[in-house]
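Notes for the structure review
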Amino acid sequence: MNDSRDIAIEINELSLSIGQRRLLDGVTLHAEAGERIAIVGPNGAGKTTLLRLLLGLIPSERGRIKLGGSALTSLSRREVARLIGYVPQQLADDIPFTVIEFIVMSRYAHAQSGGIIPRDREGEKIARQSTERVGIRHLENQTMATLSGGERQKVNIAAALAQQTPILVLDEPSAHLDPKQRESIQRLLSEIGRKSNTTVLTVTHDLNWAAMDFDRIIGMAHGRVLADDTPSRVVTPENLLAIFDANWTIQAHPQSGCPMVLPTHHTPAR
Amino acid sequence: MVSSPRKFILFILLPLAVMTLMVMPWIGQHLPGWDVLFRPGAEDLDAIIFWKIRVPRVLLAMFAGMGLSLGGVVFQAIFRNPLATPFTLGVAGGASLGVTLAIFLGLNLTILGVSGVSLAALVGAMGSITIVYGIARATSNVSPNTMLLGGVAISFFFSSLILLLQYLGDMSDSFRIIHWLMGDLSRASAEAIFQILPFIVSGILITGFLYRELNLLSIHDDLAGSCGLHVEKMRIILFLAVSLMIAGIVTVCGPIGFVGIMAPHICRLIVGANHRNLIPAAILFGGVFLTLCDTLARTIATSAEVPVGIITAILGGPFFLWLLFKKARSHG
C-alpha cells in the first residue's frame, strides 16, 4: 500500500439499511490519487447508495469514509464539494437555466458571499474554461432545456470540472444516450481523467467501457463487494455469474486484447 | 426572454415602479390640487385624501405586492413546483382561521396599536407555519412533496373549520369574515405600512443573499448537496423566512391571491429563471401589479370599492389556465 497521502478515497466496512432492507453490507474500497475505477453490478446492488454516502448526502449506519485522509464526518458540505465533483444521472430535461448559469452554480462551494445579488465573475471565468475543455463553448448561452441528452451530459461534466476537485464521481454518465453520444461522452471522460490526474469513480452498466477504460473494476451485488481487481481479473465468466447471475461469453478485444462481454446467443422461439 | 435582464430591470421595471408610486395616488374620484404635495401635514380635504388615504394605500399595495410575489418565487424554487405559493402551504389558511375565530368570538382587544383581528391573523399564520415545520422535521429528509402535501391538507382542514364557523355565526359576522377573506387594502395607514415593512425588508434581504441557494434548490437536491449546499437546512430557513414575511402581509391585507403565482411566472418568461435577476424583477413587478390592481379596485365601481383580491383573482384565473395550456403544449 502507498503512503496515505496518495489515497484519495478510503471506505471501510460501510453499511446502511432502510427498514428491513440492507442496501450496503460491509463495503470496503480504496482509491489512489489519479486512479480510475468503475463500479458495476445489477440494479439494486447499492452502487448509487454508495455514491450518495461518499458525497455525504446521506449518513451511514456503520463504517467510515475518508477523503484525502480526512474523515468525511469532520468535513463540511462545502469542504466535501471542494474535494468531489459529481455528475448525476440525467437531470430533468426542462432545467430553465442557460449552460453558463448552470455551470457557475456548481461553483457554489467556492463562491464568496459578498453583499446582495453580487455577480460571480471568477466563477464565470472558470465556467468558461470548463466549457472550452469539454468542447461546448458554442452552447454557453443556450438554455439547458434546448439541448440533446448527450449535450446535457457534457454540461453536467463541465459543471463537475468547474468545481476543480481532485475526485470526480459519476453515476451512469452514459445511460440513456445513443451509441454515438455514449462513445463521445466516454472518450471525453477518458481524456479528462488521464490529462488531469483526477481520481475517477464511476457507476456504469457498460461492462465493455469499464473493461477498456478503467484501472480497476469493482463488482457489487446485494450491497456487497464481490470483486475488486484489474479488468482482466474481474471480467471473467465466474465473476459475472456471481455478480449478475448471468452466463455471458467473454472474448478478447481484437486490438487491445482487453476482455469484452458478448450477450448470449439465443434462438427465437418459433 | 430579454437579452439583457439587468438592463430590463434597471431601465424598465424600476422606472415603472417609481412612476406607479408617483402617479397612482392622484387617481381616484376626487382629484386633489397639485399644491397638496407641499402640505403633507395639513388638515384640509385634499391633503387628507392624498396623504392619509391614497399615499399609504399605494405604498401598502406596492410593499404587499413585492412580498407576495417574492414569496411565490421562493416557494416555487424550494418546492420545485410551479404552482407552489406561500398560500398553498397554509399560511393564509391559518391567518384566515385566526381572524374567523376572533370575529366569531367577538374579540375586540387592541394591543400596542395592533387590532385584535390582525393579531388573530398573525397567531393563526404562525400556528400553521409551526404545523408545516413540524411535519417537515418529523419526516427525516424534509421532502418538498411531504411539506407541500402537508400544507395543502392543513389548508383544506382550516377552510372547513372557517366554513363551519361561518355556518354557526350570525349574518354580520359572516359578512365580516367573507370581506376579510377576499383580501383588501382599505385598512392602509401609516401604522399599517410600518407594521409590514420590517417583514418585507427582512424577506428581501434574506432571499437576496440566498439567490445562489435558490438556484441550486430549484434544480435537484442531490446535485445541490454535491455542490456544497445543506439542502434540508436551507429549505427550512427559506420556508420560515418567507412564511413569516407572508404572515406579516396577510395580517394587514388579508389573503390576496394569485399575485404570488402570476408575477413570478411572468417575470420568469421575461428575465429567465436565474434568481439573481428573478428576485429583483419579481419584487418590482409584483409591487407594480398589485398597485395597479388596487387602483382598479378602488375606481372601477362608483358606489363601493371592490376588494383587490377579486381583481387579482379575476386576472389570475385566466392566466393560470393559459399557463397550464402553454405547459401542456410544450410537453407535447
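Use the structure listed above.
Presented here is a report on the structure given in the accompanying data block. (Residues numbered from 1 in each chain as written. Chains lettered and ligands numbered in written order. Predicted model: local features only at pLDDT ≥ 70, side-chain atom pairs only at ≥ 80, totals over all residues. Heavy atoms only, no water.)

**Details of the overall build of chain B**
Assigned secondary structure in chain B consists of 13 helices and two strands. In terms of C-alpha radius of gyration, chain B reaches 20 Å, essentially the compact-globule figure of 20 Å for 332 residues. Along the three orthogonal principal directions, the C-alpha set of chain B runs to about 65 × 55 × 40 Å. Considering chain B as a whole, with its 332 residues, one finds that 54% of them fall into the buried category. Within chain B, contacts between residues separated by at least 24 positions form 77% of all contacts whose residues are at least 6 apart in sequence. Summed over its atoms, the accessible surface of chain B is roughly 14,300 Å², and 73% of this surface lies on carbon and sulfur atoms. Considering chain B, the positive charge centre built from 19 side chains and the negative charge centre built from 14 side chains are found 13 Å apart. (Helix = DSSP H or I, 4+ residues; strand = E, 2+ residues; numbered from the N terminus. Rg over C-alpha atoms; globule rule 2.2 N^0.38 Å. Buried < 20%, exposed > 50% of the residue type's maximum accessible area, 1.4 Å probe, protein only. Contact = heavy atoms within 4.5 Å. Areas by Shrake-Rupley, 256 points an atom, 1.4 Å probe, with all protein chains shown as cover. Lys, Arg positive; Asp, Glu negative; His and termini not counted. Charge placed at Lys NZ, Arg CZ, Asp CG, Glu CD.)

**Quick word on the overall build of chain A**
Per the secondary structure count, chain A includes nine helices and twelve strands. Compactness check: chain A gives a C-alpha radius of gyration of 19 Å against a globular reference of 18 Å for 270 residues, within 12% of the reference. C-alpha extents for chain A along the principal axes are approximately 65 × 45 × 40 Å. Relative to its full complement of 270 residues, chain A shows a buried share of 51%. Residue pairs at least 24 apart in sequence account for 65% of intrachain contacts in chain A once pairs closer than 6 positions are excluded. Of the roughly 12,900 Å² that chain A leaves accessible, carbon and sulfur atoms contribute 47%. Taking the average location of the 30 positive side-chain charges in chain A and that of its 30 negative ones, the two points are 3 Å from each other.

**So, the sheet that holds strand S3 (residues 36-40) of chain A**
All names here are of chain A. Strand order in the open sheet made by the six strands is S6-S7-S8-S3-S9-S10, with mixed pairing throughout. In this open sheet, the two edge strands, each paired with only one partner strand, are strand S6 (84-87) and strand S10 (224-229). Neighbour-to-neighbour, the strand axes of this sheet turn through a mean angle of 15°, independent of strand direction. Note: strand S7 (residues 167-171) against strand S8 (residues 199-203), five bridges, orientation parallel. (Pairing = 2+ DSSP bridges. Axes fitted to C-alpha atoms, helices over the stretch in contact; angles between N-to-C directions.)

**Concerning the sheet that holds strand S4 (residues 62-67) of chain A**
Residues and elements named next belong to chain A. Pairing is antiparallel in the open sheet, where four strands are placed in the order S2-S1-S4-S5. This sheet does not close on itself; its edge strands, each paired only once, are strand S2 (21-32) and strand S5 (70-71). Here five bridges tie strand S1 (residues 7-18) to S4, and the two strands are oriented antiparallel to one another. Counterpart to Asn12 in the pairing with S4 is Arg64.

**Considering the interface of chain B and chain A**
On the side of chain A, 30 residues touch chain B, which itself brings 28 residues to the contact. Contact between chain B and chain A buries roughly 2,500 Å² in total, counting both sides, with carbon and sulfur atoms accounting for 64%. Among the residues of chain B in contact with chain A, B:Arg212, B:Asp222 and B:Ser226 are the three that bury the most area, contributing 23% of the side total. A salt bridge links A:Arg52 to B:Asp222, with the nearest nitrogen and oxygen atoms 2.9 Å apart. Every element with two or more residues in the side of chain B that touches chain A is listed here: helix H7 (190-209), helix H8 (211-217), helix H9 (221-226), helix H10 (231-253) and helix H12 (275-299) of chain B. Top element by residues in the side of chain B that touches chain A is H8(B). It accounts for five residues. Tallied by class, residues from the side of chain B that touches chain A come to twelve nonpolar, ten polar and six charged. (Buried area = accessible area lost by both parts, 1.4 Å probe. Salt bridge = Lys/Arg side-chain N within 4 Å of Asp/Glu carboxyl O. Nonpolar A, V, L, I, M, F, W, Y, C, P; charged D, E, K, R; others polar.)

**Examining the packing of aromatic side chains**
The geometry of an aromatic ring pair is captured by the separation of the ring centres together with the interplanar angle, meaning the angle of the planes. Residue and element names in this part refer to chain B. This model, assessed by the stated rule, comprises nine aromatic pairs over all chains. Between Phe50 and Trp51, the aromatic rings sit 5.2 Å apart at their centres with planes inclined by 80°, giving edge-to-face as the arrangement. On the basis of relative accessible area, Phe50 is assigned to the buried category, the value being 3%. On the basis of relative accessible area, Trp51 is assigned to the partly exposed category, the value being 26%. (Phe/Tyr/Trp six-rings, centres within 6.5 Å; stacked < 30°, edge-to-face > 60°.)

**Focus: the pattern of salt bridges**
Within this structure, the stated rule accounts for 20 salt bridges over all chains. Residues B:Asp35 and B:Arg39 are paired through a salt bridge, measuring 3.2 Å at the closest nitrogen-oxygen approach. Linked by salt bridges that have partners in common, A:Arg22, A:Asp25, A:Glu61 and A:Arg224 make up one network.

**As for the packing of helix H2 (residues 45-78) of chain B against H7(B)**
All names here are of chain B. Orientation of H2 relative to H7, taken along the N-to-C sense of each, is 30°, at an axis distance of 10 Å. As the angle between them shows, H2 and H7 are arranged roughly parallel. Crossing of H2 over H7 shows left-handed handedness. Contacts from Pro56, Leu59, Leu60, Phe63, Ala64, Gly67, Leu70 and Val74 in H2 reach Ala190, Ala192, Ile193, Ile196, Leu197, Ile200, Gly203, Ile204 and Thr207 in H7. A per-class count over the contact of H2 with H7 returns 14 nonpolar, three polar and no charged. (Parallel < 35°, antiparallel > 145°, perpendicular 65-115°, else oblique. Left-handed = near helix turned anticlockwise from the far one by under 90°.)

**Describing the packing of helix H1 (residues 5-23) of chain B against H2(B)**
All names here are of chain B. Orientation of H1 relative to H2, taken along the N-to-C sense of each, is 150°, at an axis distance of 9 Å. The angle between the axes of H1 and H2 places the two elements in the roughly antiparallel class. On H2, the residues touching Ala17, Thr20 and Leu21 of H1 are Val58, Leu59 and Met62. Here the contact of H1 with H2 is built from residues that sort into five nonpolar, one polar and no charged.

**Remarks on the pairing of strand S11 (residues 249-252) of chain A**
Residues and elements named next belong to chain A. Two elements, S11 and strand S12 (residues 259-262), share four bridges in a ladder whose sense is antiparallel. Among the inter-strand pairings, Gln251 is bridged to a residue of S12, identified as Met260. In textbook terms, the turn of a hairpin is the stretch between consecutive antiparallel strands, and for S11 and S12 this stretch comprises six residues, one of which, Gly257, has a positive phi near 80°.

**Points about the side chain of B:Ser174**
Residue and element names in this part refer to chain B. As for its placement among the helices and strands, Ser174 is situated in helix H6 (residues 171-181). Residue class for Ser174 comes out buried when judged on its relative accessible area of 14%. For Ser174, the residues in contact, after removing those within four places along its chain, are Gln166 and Gly169.

**Remarks on the environment of A:Asn43**
Residues and elements named next belong to chain A. By the element assignment, Asn43 lies in the loop between S3 and helix H1 (47-54). Judged by its relative accessible area of 68%, Asn43 falls in the exposed class. Taking the C-alpha atoms as reference, Asn43 lies 9.9 Å from Met220; in sequence the two are 177 residues apart. A distance of 3.1 Å separates polar atoms of two side chains, one belonging to Asn43 and the other to His205. (Polar contact = N/O pair within 3.5 Å; in protein donor to acceptor, adjacent residues only side chain to side chain.)

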